[in-house]
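Architecture and fold: a report
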Amino acid sequence: MAGVWVLNFAHPLTEAQRRALRKLSGQKIEKVLEVKCQFDHGRPFAEQAKELLDSLGFESAEWQGRPILINPPSLAPVACTVLAELHGRMGYFPPILRLRPTENTPPQFEVAEIINLQAIRDAARNKR
């Protein structure tokens, strides 16, 4: 079985973060794609999110069939726009990675959890 691909739209993941991610997910991390994600505030974000994901060169079947985990961009409006574009391509919300700061100086971040956005969305539908 193929492992999960991580689309990392934030700072590069350290080896310690990758090990923690493998342990937490219980899956082989097949590939980590470091995706540069700097949006121009003078252009519409929806347009830039589409261009960003188009630049990855995935076919429709890959978006829909490959196990993908997202480390979202740090800027909230960019993250929301990229997630909306991903949902449209994948047919569901992908799980996302959450990092948290440690007590170290200089600041370091550790893997805190994998958030299953689709499960949250599905549970929220019961509140309609």
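Above this text you will find the structure in question.
An account of the accompanying structure is given in this report. (Residues numbered from 1 in each chain as written. Predicted model: local features only at pLDDT ≥ 70, side-chain atom pairs only at ≥ 80, totals over all residues. Heavy atoms only, no water.)

1. As for the overall build of the protein
- Within the protein, the regular secondary structure consists of five helices and five strands.
- Going from the N terminus to the C terminus, the protein shows its helices and strands as β-α-β-α-α-β-α-β-β-α.
- Computed over C-alpha atoms, the radius of gyration of the protein comes to 15 Å, within 12% of the 14 Å expected from 2.2 N^0.38 for 128 residues, which places it in the range of a compact globule.
- Based on the C-alpha atoms only, the size of the protein along its principal axes is roughly 40 × 35 × 35 Å.
- The 128 residues of the protein split such that 35% are buried.
- Taking the contacts inside the protein whose residues are at least 6 apart along the sequence as the reference set, 63% of them involve residues at least 24 apart.
- Accessible surface for the protein amounts to roughly 8,000 Å². Of this, 54% is attributable to carbon and sulfur atoms.
- The positive charge centre, built from 17 side chains, and the negative charge centre, built from 14, are 6 Å apart in the protein. (Helix = DSSP H or I, 4+ residues; strand = E, 2+ residues; numbered from the N terminus. Rg over C-alpha atoms; globule rule 2.2 N^0.38 Å. Buried < 20%, exposed > 50% of the residue type's maximum accessible area, 1.4 Å probe, protein only. Contact = heavy atoms within 4.5 Å. Areas by Shrake-Rupley, 256 points an atom, 1.4 Å probe, with all protein chains shown as cover. Lys, Arg positive; Asp, Glu negative; His and termini not counted. Charge placed at Lys NZ, Arg CZ, Asp CG, Glu CD.)

2. Let's talk about the nonpolar core
- In this structure, Phe9, Phe39, Trp63, Val82 and Leu86 are the most contacted members of the largest nonpolar core, which totals 22 residues.
- Elements supplying a minimum of two residues to this core: strand E1 (4-8), helix H2 (45-54), strand E3 (68-71) and helix H4 (76-90).
- For this core, the leading source of residues is H4, giving five residues.
- Every residue in contact with Phe39, bar those within four places of it in the chain, is listed here: Phe45, Gln48, Ala49, Leu52, Val78 and Val82. (Core = buried A, V, L, I, M, F, W, Y, C linked by side-chain atoms within 4.5 Å.)

3. Points about the side chain of Gln17
- Within the secondary structure layout, Gln17 lies in helix H1 (residues 15-25).
- In this structure Gln17 comes out as buried when scored by relative accessible area, which is 7%.
- Here Gln17 is in contact with Pro12, Leu99, Phe109, Glu110 and Val111, once residues within four sequence places are set aside.

4. Quick look at the packing of H2 against H4
- Two elements in contact, H2 and H4, have axes whose closest approach is 9 Å; the angle formed by their N-to-C orientations is 55°. Taken as axis vectors, H2 and H4 run oblique relative to one another. As for the relative orientation of H2 and H4, their crossing is right-handed in sense. Where H2 approaches H4, its residues Phe45, Ala46, Ala49, Lys50, Leu52, Leu53 and Asp54 are matched on the opposing element by Pro77, Val78, Thr81, Val82, Glu85, Leu86 and Arg89.
- Counted by class, the contact of H2 with H4 contains nine nonpolar, one polar and four charged residues. (Axes fitted to C-alpha atoms, helices over the stretch in contact; angles between N-to-C directions. Parallel < 35°, antiparallel > 145°, perpendicular 65-115°, else oblique. Left-handed = near helix turned anticlockwise from the far one by under 90°. Nonpolar A, V, L, I, M, F, W, Y, C, P; charged D, E, K, R; others polar.)

5. Observations regarding H2
- For H2, the set of buried residues is Phe45, Gln48, Ala49, Leu52 and Leu53. For H2, the buried positions fall inside an angular range of 130° around the axis, keeping them on one side.
- Elements that come into contact with the buried residues of H2 comprise helix H3 (60-65) and H4. (Arc of directions from axis to C-beta.)

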